[in-house]
Amino acid sequence: MPPKPPISAENIARQLDICAQIAEENAAAHRAPLAFVDTYGCQQNEADSERIRGYLRAMGYAFTDAEKDADVIVINTCAVRAHAEDRVLGNVGALVHTKAKKPSQIICLCGCMMGEDVVVEKVRASYRHVDIVFDTHALWRFPELLQRVLHRRGRVFDTPGGDGAIAEGIPLVRQNALKSWVSVMYGCNNFCSYCIVPYVRGRERSRAPEDILDEVKALLANGCKEVNLLGQNVNSYGKDLQNGWNFPRLLREICALPGDFLVRFMTSHPKDASEELFDAMAASPKIAHHLHLPFQCGNDRVLKAMNRGYTAAQYLEKVAALRARIPDIVLTSDVIVGFPGETTEEFEDTLKLIEAVRFDALFTFIYSPRPGTPAATWPDVLSPEEKQANFQRLVDAQNQISKEIHEGYVGKTFRCLVDGKGQDKRNNLTARTNSGRLVHLTGDEALIGTYQDLTITAATTWALFGEVAKAGEAG
Ligand code: SAH
Ligand code: SF4
Ligand code: F3S
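What you see is a predicted model, and the numbers here were worked out from it, not measured in a lab.

Notes on the overall build of the protein
Helix and strand counts for the protein come out as 13 helices and 19 strands. The C-alpha radius of gyration computed for the protein amounts to 23 Å, which stays within 12% of the reference 23 Å derived for 475 residues, consistent with globular compactness. Its C-alpha atoms give the protein principal-axis dimensions of roughly 60 × 60 × 50 Å. The 475 residues of the protein split such that 53% are buried. Contacts in the protein between residues far apart in sequence, at least 24 positions, make up 75% of those at least 6 positions apart. Surface exposure of the protein reaches about 20,400 Å², of which carbon and sulfur atoms provide 53%. Taking the 54 positively charged and 60 negatively charged side chains of the protein as two groups, their mean positions are separated by 3 Å.

Encoded structure:
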């Protein structure tokens, strides 16, 4: 099938016209309206929220963090686990009181949860203070939806589902000028049996390489130092374009752009992490020595039930192939504990895998049934208490590994990007190593946005502490 045509430039221009009309109406009424955008979930949602803010700014809205002051509240939701959904619904429920004090307030719900029919129906019936509901496929027409509600109140629901076409040219308000998100593709084709993402975000669609390269060039021209390429499985980039582009080629072309910057990317599915990818990573000093490579589980029967498409041995082979090319590669991963049918004996293979790889950090999750996914109907063999006990064993084992790896950094010097202000006076700045490890340091705020050689002076399980190295210590 040829790729789906993108949303036309005329359609986006019409949305921008609507933004201008709303901005004029606000100015004519001497209103200085405020918006609050709250984002749950992954970087993909963060990137979508930057577009929502871009539209809002074009409509004349400034931003606030106080829900009570906002004229428009947008909640960009995540559906990946029940806990994330419960938090969203709890917070949306509480907005009844905010809106009672400010009846003109417009409340919008968007993001992955709005791709679930049951959630949309629940909001329709039981969250009547919510004015606008749209899914990720309808994001490009947010201005039109907001205008409808501004002009004649009423509620608007726009949840087409399916595989929304790609929209280029939506304005953005970037959260961070130094480190920017760049979506390279949307959706997922993998249908891991536990995961809701393919249902709510549709099939894989890759952006045209020219559009991505233009966006990266513009970012670099504006002082961006870290380009974070985003997709649910960036390793499938280009498959749907049928024009010879793949992810390693995209990486090579981005790295060929002039400038001193780093490229990061996530997420990589192990089944598609190729030697060509590892070669591209090894070939350019601009690609971070970090790979987030979720393995989910170390047991082959469970991996098969998860529909992951690799065995534990194949995963370890990929890690070895990568380490052969980039010995100092930092690996991080995602793990699910308590998948339906997983026994404690099978779980122990997960412990073996983390001991074999020794990840710098892990994101660990207890399995959460997602209605509509195959695994949601499969029976458990372990009780919640047994799952919790296994989860704790995993966390403890990983904490020990992270601590040991971090302690190994002490005394070494790394080139780091000083990227922001810290939380306390003593460690007033934060920085990241090339491989993405967080370093706290004390220094002049003028260092923010510069690369510095930092010598690591202390380490905990979670973080490193450093100081600017004396000349000649880098390496
Ligand atoms: N596309 C990415 C992951 C996106 S979701 C990838 O495949 O790597 C982020 C993580 O959430 C997953 O890696 C998985 O570990 C976890 N996750 C997804 N669905 C889950 C569920 N139903 N219960 C618990 N964790 C889940
Ligand atoms: Fe979900 Fe699997 Fe797709 Fe990742 S690859 S988004 S875990 S279905
Ligand atoms: Fe959540 Fe959607 Fe991301 S479900 S993890 S916000 S793709």
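Let's talk about empty space enclosed by the protein
One pass over the full model with this rule turns up two cavities of 30 Å³ or more. Looking at the lining of the largest cavity residue by residue, the class counts come to seven nonpolar, three polar and four charged. Computed from the structure, the second largest cavity encloses a volume of approximately 30 Å³. Lining the second largest cavity we find Asp-48, Ile-52, Asn-76, Cys-110, Gly-111, Phe-134, Asp-135, Thr-136 and Leu-139. Secondary-structure elements contributing two or more residues to the lining of the second largest cavity are helix 2 (43–58) and strand 4 (106–111). Its residues assigned to classes, the lining of the second largest cavity comprises four nonpolar, three polar and two charged.

Observations concerning unusual backbone geometry
The step from Met-266 to Thr-267 runs through a cis peptide bond, and the omega angle for that step is 5°. Of note in this structure, Gln-242 is not a glycine but carries a positive phi near 55°. Residue position: Gln-242 is located in the loop between strand 10 (226–230) and helix 8 (247–255). Gln-242 gets classed as exposed once you look at its relative accessible area, which sits at 55%. Even without a glycine there, the phi angle at Asn-307 is positive, about 65°. Within the secondary structure, Asn-307 sits in the loop between helix 10 (300–305) and helix 11 (312–325). On the accessibility criterion, Asn-307 (42% relative accessible area) is partly exposed.

Observations regarding the site of ligand 3
The environment of ligand 3 is formed by Gly-41, Cys-42, Asn-45, Cys-78, Ala-79, Val-80, Cys-112, Arg-201 and Gln-232. Residues of the shell around ligand 3, tallied by class, amount to five nonpolar, three polar and one charged.

Let's talk about the environment of Gly-41
Mapping Gly-41 onto the fold places it in the loop between strand 1 (34–39) and helix 2. Taking the C-alpha atoms as reference points, Gly-41 and Leu-362, separated by 321 residues in sequence, lie 17 Å from one another.

Quick look at the environment of Glu-275
Looking at the element boundaries, Glu-275 is found in helix 9 (residues 275–283). Glu-275 gets classed as partly exposed once you look at its relative accessible area, which sits at 47%. When the C-alpha positions of Glu-275 and Pro-6 are compared, they lie 31 Å apart, and in sequence the two are 269 residues distant. Those residues in contact with Glu-275, other than ones at most four positions away along the chain, are Ala-321 and Arg-325.

Rules of the game
Sequence order sets the numbering: in each chain, residues are counted from 1 along the sequence as written. Think of it this way: whatever chain is written first is A, whatever ligand is written first is 1, and the rest follow in order. Per-residue local features of the predicted model are confined to residues with pLDDT of at least 70, and side-chain atom pairs are confined, for both listing and counting, to 80 or more; whole-chain, interface and lining totals are unaffected and use all residues. Just so you know, side-chain values use all the structure's heavy atoms and leave hydrogens and water out. Under the scheme used here, helices are H or I runs from DSSP no shorter than 4 residues and strands are E runs no shorter than 2 residues, and both carry numbers assigned from the N terminus. Restricting the calculation to C-alpha atoms gives the radius of gyration, and the globule rule supplies 2.2 Å times the number of residues raised to the power 0.38. Per-residue accessibility, obtained with a 1.4 Å probe over protein chains only, is compared with the maximum for each type, and a residue is labelled buried under 20%, exposed over 50%, and partly exposed between these values. By definition, residues are in contact when any of their heavy atoms lie within 4.5 Å. Values of accessible area rely on a 1.4 Å probe in the Shrake-Rupley scheme; residue burial ignores everything except the protein chains shown. For the purpose of counting charges, residues Lys and Arg are taken to be positive, whereas Asp and Glu are taken to be negative. His and the chain ends are not included. By convention, charge coordinates are those of NZ in Lys, CZ in Arg, CG in Asp, or CD in Glu. Throughout, the protein atoms alone are placed on a 1 Å grid, and a set of points is a cavity if a 1.4 Å probe fits but cannot get out or a pocket if it is open with protein on both sides within 12 Å along at least five of seven lines; lining residues have an atom within 4 Å of a point. Grid points are joined across faces, edges and corners, and a volume is the space filled by probe spheres set on the points. Under the grouping applied here, Gly and all other residues not named as nonpolar or charged are polar, the nonpolar ones being Ala, Val, Leu, Ile, Met, Phe, Trp, Tyr, Cys and Pro and the charged ones Asp, Glu, Lys and Arg. Only a single heavy atom is needed: when it lies within 4 Å of a molecule or strand, its residue is near that molecule or strand.

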